[in-house]
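# Architecture and fold: a report
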Amino acid sequence: MGVVFGLLWLFTGLLQGVHGQGVYAPPTVRIVHSGQACNVEEERYSERVYTIKEGETLELQCLVTGHPRPQIRWTKTAGGASDRESSLHNETLRIENINRHQGGRYYCKAENGLGSPAIRSIRVDVYYLDDPVITIHQSVGEAKEQFYFERTVFLRCVANSNPPVHYTWRRGREVLSQGSDSGVEIYEPFFTQGETKILKLKNLRPQDYADYTCFSSVRNVCGIEDKSAHFTLSNRTAPPSIKLLLDDPLVVNPGETITLVCVASGGEPHPSLKWMRPDGQQLPKRSVVKGGTLTIPAVAIDDGGVYSCVGSNNVGNPAKKTTTILVRGLRKGRFWITPDPYHNDDNIQIGREVKISCQVEATPPEELQFSWLKNGRPLRSSERMVITHTDTDVSPGTTNLDIIDLKFTDFGTYTCVASLRNGGTPEISIDVNISSTTVPPELTIPRGRSHLITQEGDTVDLQCLVSGKPKPIILWSRVEESGVAAAAAATALMPDGSIQTESYDGILRISNVTREMSGTYRCQTSQYNGFNVKPREALIQLVVQFPPAVEPVHTEIRQALGRAFSLTCRLLRAHPARLLRYEWKLGTRLLTVGQFSDQRDDTNYHVRALNREGYGEYTCDITNEAGAGRCTFLVTGKAYPPEFYYDTYSALWQNRPRVYGFKLQWTQMEPNAVDRILAYRLGIRQMGQSRWWEQEIPMEGTIQKGELLTYNLTELIKPESYLVRLTPITRYGEGDSTERIITYSGFYMYIETSRPRLEGDTARLLSPTFNSKSSPVSNNPTYCFAFYYHMYGKHIGALNIFLRQKGQAVTDTLVWSLTGNQGDRWCQAKVNIHPTTAFQMVIEGVRGSGIEGDIAIDDVTIEEGECKDPPPNNLRSLAPPSSPHIWQHCITLILALIGQQR
């Protein structure tokens, strides 16, 4: 192990007491802080407010008591109903570089299954101060290009902060305040709630042309320094004006590089320029911005839209100019055939009218142009062949070819050609065949395919047979169910997550089908790329069978030999839900089989008396046509894990100068669930090492629920930490283990004897005031005052313990004293006290003749009852402890006491 150490493990006996819940206790919570807080204070209703500077580290610790060890969860809400709750499962909440948005109320919740969860909260207030910004404005109706004489000018200073900011204005070196200058007025708009300070210059004068400075301050709270902003007001000061050096709209071809140029045409100070898109859209990733120039290489259709240049110099309102980029392109070419609307017939017939429509989306729409071909030859509008186009302002653009009094010679292939007038993009051609075989669509379902049954996980094809020429696109969707499930089905989506799916062959393929995909599916013909007639549609019912869902899927049952118990497997859902069978097994051995009745949704297996062969894995398979659902029960005699007790007071104690001891305490979870625990295997390993030391601790008798077991570990090396593992052992074998880490840490108090301390100087530490309790046996109760001391050095003075009683007069009685060098070791002292009234304990350290005389104390306690000998190395008892500590914290520090970490 690198360092040899001994472990003294001695088991010396047991103490009997009351049985029951023992040390089991519901959780309590206390929030403490560390890190870089500016201030922590109590508000009304005992809410704690923790103030911290933005950018610092927030560290809050949730200290809990309770047994078993409570589970801790941190949550945070900022107070609004829409705020998202975040959580952290840890004792310590640490946020580095905290920002203003992370302020709010933090809750620590602890629960261990006993009583109600314990919850405490603390509000974190993040302080910050942003750089102030000065903006210049004129009165409404007075704004001109420049700030002339006899105009009223407003200088507005704004800074975001928490707490509210305090502003100071300065003109040159002169501090301006309300009333200091008749031409100056300083005020705060009511609606800004302290975020703005306005300096009003009335009837602008020559002396008002000057350098102005706005200082913002939060009065150095949290060490936040003051900040300032500057502005020079002159007779040239003017709001920004800008202009665009480009065409509007700017029409370009895909793939070209475009440059948008924005320049400032006026304004003092010189305006800054920025390009942006509406509604928070980002500029194209490929774009390059340099000053007021925006360059977009290889422009794409998606880059089209509105672009704005904004010029700002904090004078007046920002200037804004907008342009539109139109990227030439043709998209979404479609066609449809409309039979003669004056006849109730969807077929095309000789002697009747037929109309062919062609539709294309174009950018820019005014450049869209159509032409028609018949069998490859240009076709012009005539009395019987009427060609019309929609207005160019309407998008998408549509062209119609009306054939009046259809003749046999009109049969052929008609081609609609869409193009842009100025080129730059390929044209779109759509062919439509008109002949005796051009017929409207018909839709049918193959025989036997209108009601499909499949099993979960399979691949299934839903098919609609479509006839007609031209063959239309098929649209698949889900049908809203009627009845109770209508609300859920109304939002049912297709398997790919869309509302509607297109199919060119009439087949909808669903892979890895799930039970949620059961339902009615509709296939219907589209009204584009085909006949413009009432859609044909058909319905297909899909039934997805799935194996039974059961509970529990897996559970562990701990039982002692000779006991009776039952196992229950419950059916949740299945399809089909008829002819369900069950089969119970232990390992591979068949136990029983049967069939579910319509009135039952579970099956049970009973064990009258558990024997060794009865341990193992029990399974219950419930089957239908689609498969089986399995309940698994692992029946074991393993003991539950021990539960370490973390609330032991003064678990650490000094053994010798280089070693320490630790009082390890635990309870046994559900000790009566299995056979009696015969022993515990204790393993210990120094952190950072790999070697384990092990010791078996025998147990006599039966451990009760809530019984507190104690084992004293000694000879632990300072300041090393150790991993401790505890494993219960029954006649079945080893149970579940529990681990915890033991760390040597803590603080002690000592007197500092260096200069300017002089011989005879004293330091006193006072306890809180306690009320003496009378007992039925005696009116003067006895208390045991105990502590550890360290008195090493050639100039050691004295350590005195006084009992201070507060009767008609305050009296100090010396009850213990020690002087001189006691060696380099910690020693324990105990003294019985018999107060007759309210009392305090006073610990006094007296400086000796030199600087080598530091005296230290540690682990100070007051317990009711007579002082007893130190406990043996290992003991077993029932809790709660019979002697509660009534003093666990040092309160008042007088003269010079310094806390030194061990």
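Fair warning: this is a prediction, and the values are worked out from it, not measured in the lab.

### What to know about the overall build of the protein
Broken down by element type, the protein carries one helix and 72 strands. Per-residue burial over the protein gives 44% buried out of 902 residues. Relative to all contacts within the protein whose residues are 6 or more apart in sequence, the contacts with residues 24 or more apart total 71%. A total accessible area of about 46800 Å² is found for the protein, and carbon and sulfur atoms account for 48% of it.

### Structural notes on the nonpolar core
Counting residues in each nonpolar core, the largest one holds 29 residues, and the members touching the most others are Trp-372, Leu-401, Tyr-414 and Ile-434. Broken down by secondary-structure element, the contributors of at least two residues to this core are β27 (329–339), β28 (354–363), β29 (368–374), β31 (385–389), β32 (397–403), β33 (412–420) and β34 (428–434). It is β28 that contributes the most residues to this core, five residues altogether. The contacts of Leu-401, once residues within four sequence positions are left out, are Val-354, Lys-355, Ile-356, Trp-372, Leu-379, Met-385, Val-386, Ile-387 and Tyr-414.

### A word on the state of the cysteines
For the coordinates displayed, the defined rule picks out seven disulfides. Disulfide pairing is shown between Cys-262 and Cys-309; the S-S distance is 2.1 Å. For the disulfide bridge between Cys-262 and Cys-309, the dihedral angle about the S-S bond is near -75°, and by the sign convention the bridge is left-handed. Remark: Cys-309 occurs in strand β25 (residues 305–312) and Cys-262 occurs in strand β21 (residues 258–268); sequence separation between them is 47 residues.

### Focus on the pattern of salt bridges
Scanning the model with the defined rule gives 39 salt bridges in all. In this structure, Arg-558 and Asp-736 form a salt bridge, with 2.3 Å as the shortest nitrogen-oxygen distance. With Arg-558 in strand β45 (residues 554–558) and Asp-736 in the loop between β59 (733–734) and β60 (738–742), this pair connects stretches of sequence that are 178 residues apart. Given a relative accessible area of 8%, Arg-558 falls into the buried group. Measuring nitrogen to oxygen at the nearest pair gives 3.5 Å for the salt bridge that ties Arg-681 to Glu-696. Here the residue Arg-681 occupies a position in strand β55 (residues 679–686), and Glu-696 occupies one in strand β56 (residues 693–698), the gap between them amounting to 15 residues. Among the residues examined, Arg-681 registers a relative accessible area of 23% and is labelled partly exposed.

### Here we look at the sheet that holds strand β16 (residues 196–201)
If you trace the four strands from one edge of the open sheet to the other, you get β10-β11-β16-β15, paired in antiparallel fashion. Strand pairing shows two members of the sheet lacking a second neighbour, β10 (133–138) and β15 (184–187), which therefore form its edges. Adjacent strand axes in the sheet meet at a mean angle of 20° when their direction is disregarded. Pairing of β15 with β16 involves four bridges; the strand directions are antiparallel. Counted as the bridge partner of Glu-185 is Lys-200 from β16.

### As for the environment of Ser-382
Tracing the backbone shows Ser-382 in the loop between β30 (377–379) and β31. Assessed through its relative accessible area of 38%, Ser-382 is described here as partly exposed.

### Side note on the side chain of Gln-545
With respect to the helices and strands, the residue Gln-545 is situated in strand β44 (residues 537–551). When its relative accessible area of 8% is taken as the criterion, Gln-545 is described as buried.

### Some thoughts on the confidence of the model for the protein
Per-residue pLDDT for the protein has a mean of 86; in total, 87% of the residues score no lower than 70. Contacts of residues 1–20 to residues separated by more than four positions or lying in other chains number 53 contacts, the stretch itself having pLDDT below 50. Every residue in residues 871–902 is under pLDDT 50, and counting partners more than four places away or in other chains gives 114 contacts.

### What to know about the pairing of strand β39 (residues 474–478)
Within β39, five of the five residues are buried, which leaves it mostly tucked inside the rest of the structure. By the alternation rule, side chains of β39 split into Ile-474, Trp-476 and Arg-478 and Leu-475 and Ser-477, which are all buried.

### Re the sheet that holds β29
Taken in spatial order, the four strands make up an open sheet running β30-β29-β33-β34, and their pairing is antiparallel. Taken across any chain shown, the strands that pair with only one partner, and hence form the sheet edges, are β30 and β34. Neighbour-to-neighbour, the strand axes of the sheet open up by a mean angle of 35°, direction not taken into account.

### Things to note about the environment of Gly-329
Mapped onto the secondary structure, Gly-329 falls in strand β27. C-alpha of Gly-329 to C-alpha of Ser-419: the two residues are 90 residues apart in sequence and 8.9 Å apart in space. Excluding residues that lie within four positions of it along the chain, Gly-329 makes contacts with Ile-301, Glu-361, Ala-362, Thr-363, Leu-420 and Thr-425.

### Remarks on unusual backbone geometry
Residue Pro-249 follows Asp-248 across a cis peptide bond; omega there is 0°. Locating Pro-249 in the fold gives a position in the loop between β19 (238–244) and β20 (250–252). Going from Glu-551 to Pro-552, the amide bond is cis rather than trans, its omega being 0°. The residue Pro-552 is located in the loop between β44 and β45 in this model. Here Arg-219, not a glycine, exhibits a phi torsion of approximately 60°, which is positive. Look at Arg-219 and you get exposed, because its relative accessible area is 57%.

### A few points about the packing of aromatic side chains
Applying the stated criterion to the full structure yields 14 aromatic pairs. Between Trp-666 and Tyr-680 the ring centres are 5.4 Å apart and the planes differ by 75°, which places this aromatic pair in the edge-to-face class. One end of the pair, Trp-666, is in strand β54 (residues 659–668); the other, Tyr-680, is in strand β55, and 14 residues separate them in sequence. Judged by its relative accessible area of 1%, Trp-666 falls in the buried class. Residue classification places Tyr-680 among the buried residues on the basis of a relative accessible area of 0%. Site record: aromatic cluster; members linked through ring pairs are Trp-584, Tyr-605, Tyr-618 and Phe-633. It is Arg-515 that lies over the ring of Phe-546; its NZ or CZ is 4.0 Å from the centre. Sitting above the plane of the Phe-644 ring, Arg-740 keeps its charged end 5.9 Å from the centroid.

### Describing the environment of Asn-611
With respect to the element layout, Asn-611 can be found in the loop between β49 (602–607) and β50 (616–624). Taking the C-alpha atoms as reference points, Asn-611 and Ala-560, 51 residues apart in sequence, are found 8.8 Å from one another. One polar contact links the side chain of Asn-611 to the main-chain amide nitrogen of Glu-613, over a distance of 3.2 Å.

### Observations regarding the side chain of Thr-135
Positionally, Thr-135 belongs in strand β10. Only 3.5 Å separates the side chain of Thr-135 from the side chain of His-137, close enough to count as a polar contact. Not counting chain neighbours up to four residues away, the residues in contact with Thr-135 comprise Phe-154, Leu-155, Arg-156 and Asn-314.

Calculation notes
Residues numbered from 1 in each chain as written. Predicted model: local features only at pLDDT ≥ 70, side-chain atom pairs only at ≥ 80, totals over all residues. Heavy atoms only, no water. Helix = DSSP H or I, 4+ residues; strand = E, 2+ residues; numbered from the N terminus. Buried < 20%, exposed > 50% of the residue type's maximum accessible area, 1.4 Å probe, protein only. Contact = heavy atoms within 4.5 Å. Areas by Shrake-Rupley, 256 points an atom, 1.4 Å probe, with all protein chains shown as cover. Core = buried A, V, L, I, M, F, W, Y, C linked by side-chain atoms within 4.5 Å. Disulfide = S-S within 2.5 Å. Salt bridge = Lys/Arg side-chain N within 4 Å of Asp/Glu carboxyl O. Pairing = 2+ DSSP bridges. Axes fitted to C-alpha atoms, helices over the stretch in contact; angles between N-to-C directions. pLDDT = per-residue confidence, 0-100. Phe/Tyr/Trp six-rings, centres within 6.5 Å; stacked < 30°, edge-to-face > 60°. Lys NZ or Arg CZ within 6 Å of the ring centre and 35° of its normal. Polar contact = N/O pair within 3.5 Å; in protein donor to acceptor, adjacent residues only side chain to side chain.

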